[in-house]
Amino acid sequence: MQNALVPVKTDNTHDELIQLVSFNLDQEEYGVDVLKVREIIRMPIVTRVPNTPHYVEGVINLRGKVVPIICMRKKFGLIESENDKQTRIMVMDMEGELMGFIVDAVSEVIRISGSEIQPSPAVVAGGIDQECIAGVINQAERLLVLLNLEKMFSRDEKNLFTGM
Amino acid sequence: MPPIDCEDQELLDGFLAETTELLEKLDDDLITLEKTSDDTDLMNRIFRSIHTIKGASSFLGFDLLVKVAHKTEDVLNRLRKGELIVTSDIMDVILEATDLIKLLVSDIKAGDIQERETDGTINKLLPFLAESAGAQQRAAQPPAQPAAPSVDAAPSADIQTPPASEPAQSPEVPEPSADAAPVAPIPPSSVPVPKPASEAAPKKAPAPPKPAEGKGDDLSDNSTVRVDVKRLDDLMNQVGELVLERNRMIQINQDLQQNDANRADFNEEFGKLTKRMSFVTSELQMQVLKMRMIPVEKVFKKFPRIVRSMSRDLGKEVELVIIGEETELDRSVVDEIGDPLIHLIRNAMDHGLETPDERTAAGKTRGGTLVLAAVHEGNQIIISIKDDGRGIDTERVGRKAIEKGLITEEQFAAMGQREVFDLLFLPGFSTKEKTTDLSGRGVGMDVVKTNIKKLNGLIEIKSTKGLGSEFILRLPLTLAIIQSLLVEVEGEIYSIPLSSVLETIRVDQRQFHLIGGQEVLKLRDIVLPLIRLQRVFNVQPQGEADNFCYVVVVGAAEKRMGLVVTRLVGQQEVAIKSLGNYLANIPGIAGSTILGDGRVALIIDPVAMSEGCE
């Protein structure tokens, strides 16, 4: 699985093609490396897990595996919205463990070349942690924020999860 | 020594797995050999083990390991040929060498090879290789053994044999050193020169003076399993059945879709199918569980060694009797019971059994007996450690506890024997005046309690002063599938391990009392502290509050409390699923399980709950 990371990480080659899954969150469009996405599913019944950070929505049963679910809106400090027909869970491979992220909608898989990724602007408004923004992709009529979800949880947060 | 540049990881893994297995067996065999020194089969088996280890490690280029294994093999070879007689001195040295090998292997396993001091041990082995050693021994022990001194030096030729040829021949050929003999010129009267040892001497690094103790112990590795082929076949059969049932199910579904079958037929067919499916799956469940089972022998076999060395250190004569070592239990349990058992055995050796003189004075046999037994009972395994020593002196335990300020005089006066025994498990409690390296720090029993609690087990102590004591551990057979009680808390379903549920009662909330901010319930003659799961888990209340609710009385080790829930759902056998790394360690939650309707239910951890309410 680690090899899958290579195209994104070593983007100094700049002309490698990268495939991204783009998804929507509060009117913005984001992208993640397609190789990190295991599957995209509709909202199942989520079992709440007590005494966890507010953005942990709970756990679901993914064909016999128990997978934690994170609400992206809550995590990024965006206004919460009702789940609708478009709401999806993106099940991602996070350092060998599966984790699901609730997003407003998943739109498409796009191909971009490494050179299109620009470093993120110094100040990004909103509650999104700078850490997990790997770059910004500026195409003709769209702006895509490239996320590195493995950096989404700070060390403190990881400790919170496992050390409570 | 070269770093591990084994390009073939598989080869290395294979080596480690095999060596570990051999070493585990070796300890036990060596101790047995000391008792029955004329058992040639056993002797040969030990010799072969060491030889295999030597061969394989020389093939992989672990020089230090080869060196130690080689010398040990030489000594064993002489024992095997009857040139030396098995004495406890020789055994001591061989055991020391085995420990060193374990340490070296664990280094390799950890991936960082260190320069270890091996000369000390090797030098201890050398005297037994000297030409005169056998003779001296024979002189000391009149019934002379037939000797064959001319072959003495043969093993020394081994080291020159091309390493690559070793592993190939080692597993099958029982006496490879003899094979190697003709290859090398044998200086007839020479003592095997410790050549490799002297080579290594200059590059001797400032190594730890004594191999770190205990590090070799955790060699045992549970990442691979050996499964009986028969069990695998059985499993395959069951899977075959399952496939048939699935086909049947598809068929029924098709018939229904095409309206071929009428409603009544479908109902009947489907009912039958459900029954068969449930039968096959429970069979399958049993099979897989069985595959996860390993004999408790895996833990037990290191005890003879511990008992041997402890009895020497303490100057006590102890006979260890092991019963039921073939009893099987789940790997996860086996991994956890090692430590508690070591503590209990140490306790029995140190506190329980008396010295030979004391025993004679008390009219007992000089040697004490320590019985380690394992037996199945229902879906539990019972392990007991029984000694015929002096037993637990309740008076002394009580006085000690008062002295340490753990209890008051009045409390002690009111205590029954059982309560006094419970004092032993308090952290920091020890009846020893002096802390020795064996015991006295007051940690041991606390460790035992914590580990057993973690496994949802129970401990029971039986003791008669002057006659001995018995520690009985009751453990669940497996941790993977448990019986559980499903409860509802304001619409959310939680599961409580049935093993810790003592009873359930329906009560009126107005019967609850409040003592110092803690809600309690008077249940017969005890006052039960209550925990409202709704509050602990921050569940939003749903609808009208009902005055009536259910209290699930749970016990963890010696504590009891009541969990307040809205409704009882029922009893179900559930498979435990981990919550993964991200959500591990949520207070009060032990894991999760998947219910019949596909939803996830969390499993409550009564032990953590009880600690939370302290």
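What counts and how
- Residues numbered from 1 in each chain as written.
- Chains lettered and ligands numbered in written order.
- Predicted model: local features only at pLDDT ≥ 70, side-chain atom pairs only at ≥ 80, totals over all residues.
- Heavy atoms only, no water.
- Pairing = 2+ DSSP bridges.
- Helix = DSSP H or I, 4+ residues; strand = E, 2+ residues; numbered from the N terminus.
- Axes fitted to C-alpha atoms, helices over the stretch in contact; angles between N-to-C directions.
- Parallel < 35°, antiparallel > 145°, perpendicular 65-115°, else oblique.
- Left-handed = near helix turned anticlockwise from the far one by under 90°.
- Contact = heavy atoms within 4.5 Å.
- Buried < 20%, exposed > 50% of the residue type's maximum accessible area, 1.4 Å probe, protein only.
- Expected span 1.5 Å × (residues − 1).
- Buried area = accessible area lost by both parts, 1.4 Å probe.
- Salt bridge = Lys/Arg side-chain N within 4 Å of Asp/Glu carboxyl O.
- Polar contact = N/O pair within 3.5 Å; in protein donor to acceptor, adjacent residues only side chain to side chain.
- Core = buried A, V, L, I, M, F, W, Y, C linked by side-chain atoms within 4.5 Å.
- Nonpolar A, V, L, I, M, F, W, Y, C, P; charged D, E, K, R; others polar.
- pLDDT = per-residue confidence, 0-100.

## Things to note about the sheet that holds strand β1 (residues 17-25) of chain A
Residue and element names in this part refer to chain A.
- Strand order across the open sheet formed by six strands is β8-β1-β2-β11-β10-β9, with mixed pairing between neighbours. Sheet topology places β8 (105-113) and β9 (117-118) at the edges, where each strand pairs with a single neighbour.
- As paired strands, β1 and β8 are joined by eight bridges and run antiparallel to one another. Directly across from Phe23, in β8, lies its bridge partner Val106.

## Brief notes about the packing of helix α15 (residues 331-352) of chain B against helix α20 (residues 444-454) of chain B
All names here are of chain B.
- Here α15 crosses α20 at 150 degrees, and the two axes come no closer than 9 Å. Classified by the angle between their axes, α15 and α20 sit roughly antiparallel to one another. In this structure, the crossing between α15 and α20 has a hand that is left-handed. Between α15, through Glu336, Asp339, Pro340, His343, Leu344 and Asn347, and α20, the contact on the second element is made entirely by Gly444, Met445, Val447, Val448, Asn451, Ile452 and Lys454.

## Here we look at the environment of Arg78 of chain B
All names here are of chain B.
- Along the polypeptide, Arg78 turns up in helix α3 (residues 63-80).
- According to the relative accessible area criterion, Arg78 is buried, its value standing at 5%.
- For Arg78 and Phe128, which are 50 residues apart along the polypeptide, the C-alpha to C-alpha distance reads 8.5 Å.

## Things to note about the pairing of strand β12 (residues 518-523) of chain B
All names here are of chain B.
- Pairing of strand β11 (residues 513-515) with β12, which is carried by three bridges, proceeds in the antiparallel orientation. Among the inter-strand pairings, His513 is bridged to a residue of β12, identified as Val520.
- Adjacent in sequence and paired antiparallel, β11 and β12 are bridged by two residues, among which Gly516 carries a positive phi angle near 50 degrees.
- Adjacent in sequence and paired antiparallel, β12 and strand β13 (residues 526-532) are bridged by two residues, among which Arg524 carries a positive phi angle near 50 degrees.

## Things to note about helix α4 (residues 88-110) of chain B
- Compared with an ideal rise of 1.5 Å per residue, which puts 23 residues at 33 Å, α4 of chain B spans 32 Å between its outermost C-alpha atoms and is within 8% of the ideal.
- Looking one or two residues past α4 of chain B, Gly111 of chain B carries a phi angle of roughly 90 degrees, positive in sign.

## Here's the deal with the interface of chain A and chain B
- The interface is formed by 24 residues belonging to chain A together with 24 residues belonging to chain B.
- Three residues stand out in chain A for area buried against chain B, namely Arg48, Asn51 and Val66 of chain A, and they jointly supply 26% of the buried area on that side.
- Scanning the region where chain A abuts chain B turns up one salt bridge.
- Our enumeration of links across chain A and chain B arrives at six residue pairs in polar contact (both at pLDDT 80 or more).

## Points about the nonpolar core
- In terms of nonpolar packing, the biggest core is built from 51 residues, with Met72 and Leu147 of chain A touching the most fellow members.
- Residues in contact with Leu147 of chain A, not counting those within four places in the same chain, are Phe23, Tyr30, Gly31, Val32, Met72, Phe76, Cys132, Ile133 and Ala134 of chain A.
- Ile294, Ile345, Ile392 and Ile452 of chain B belong to the second largest nonpolar core, which has 48 residues in total.

## Remarks on the packing of helix α11 (residues 229-257) of chain B against helix α12 (residues 263-292) of chain B
Residue and element names in this part refer to chain B.
- Between α11 and α12, the shortest axis-to-axis distance is 9 Å and the interhelical angle comes to 160 degrees. By the angle between their axes, α11 is roughly antiparallel relative to α12. Crossing angle aside, the handedness with which α11 passes α12 is left-handed.
- Classifying every residue of the contact of α11 with α12 gives 15 nonpolar, three polar and nine charged.

## Description of α12 of chain B
Residue and element names in this part refer to chain B.
- Taking 1.5 Å of rise per residue, the 30 residues of α12 would be expected to cover 44 Å, and the 43 Å separating its terminal C-alpha atoms lies within 8% of that figure.
- Three or more residues of α12 are buried, namely Phe266, Leu273, Val280, Leu284, Gln287, Leu289 and Met291.
- Contacts from the buried residues of α12 go to α11, β1 (293-295) and β3 (328-330).

## Description of the sheet that holds strand β18 (residues 600-604) of chain B
Residues and elements named next belong to chain B.
- Strand order in the open sheet formed by five strands is β16-β8-β9-β18-β17, with mixed pairing between adjacent strands. Either end of the sheet is taken by a strand with one partner, and the two such strands are β16 (567-575) and β17 (589-594). Adjacent strand axes in the sheet meet at a mean angle of 35 degrees when their direction is disregarded.
- With two bridges connecting them, strand β9 (residues 492-497) and β18 associate as parallel partners. Residue pairing in the sheet places Ser495 in a bridge with Ile603 of β18.

## Focus on the confidence of the model for chain B
All names here are of chain B.
- Per-residue confidence for chain B gives a mean pLDDT of 74, with 78% of residues at or over 70.
- Highest mean pLDDT in chain B belongs to β18 (90); lowest belongs to helix α10 (residues 195-200) (39).
- pLDDT under 50 marks residues 139-219. Its contacts with residues more than four places away, or in other chains, come to 101 contacts.

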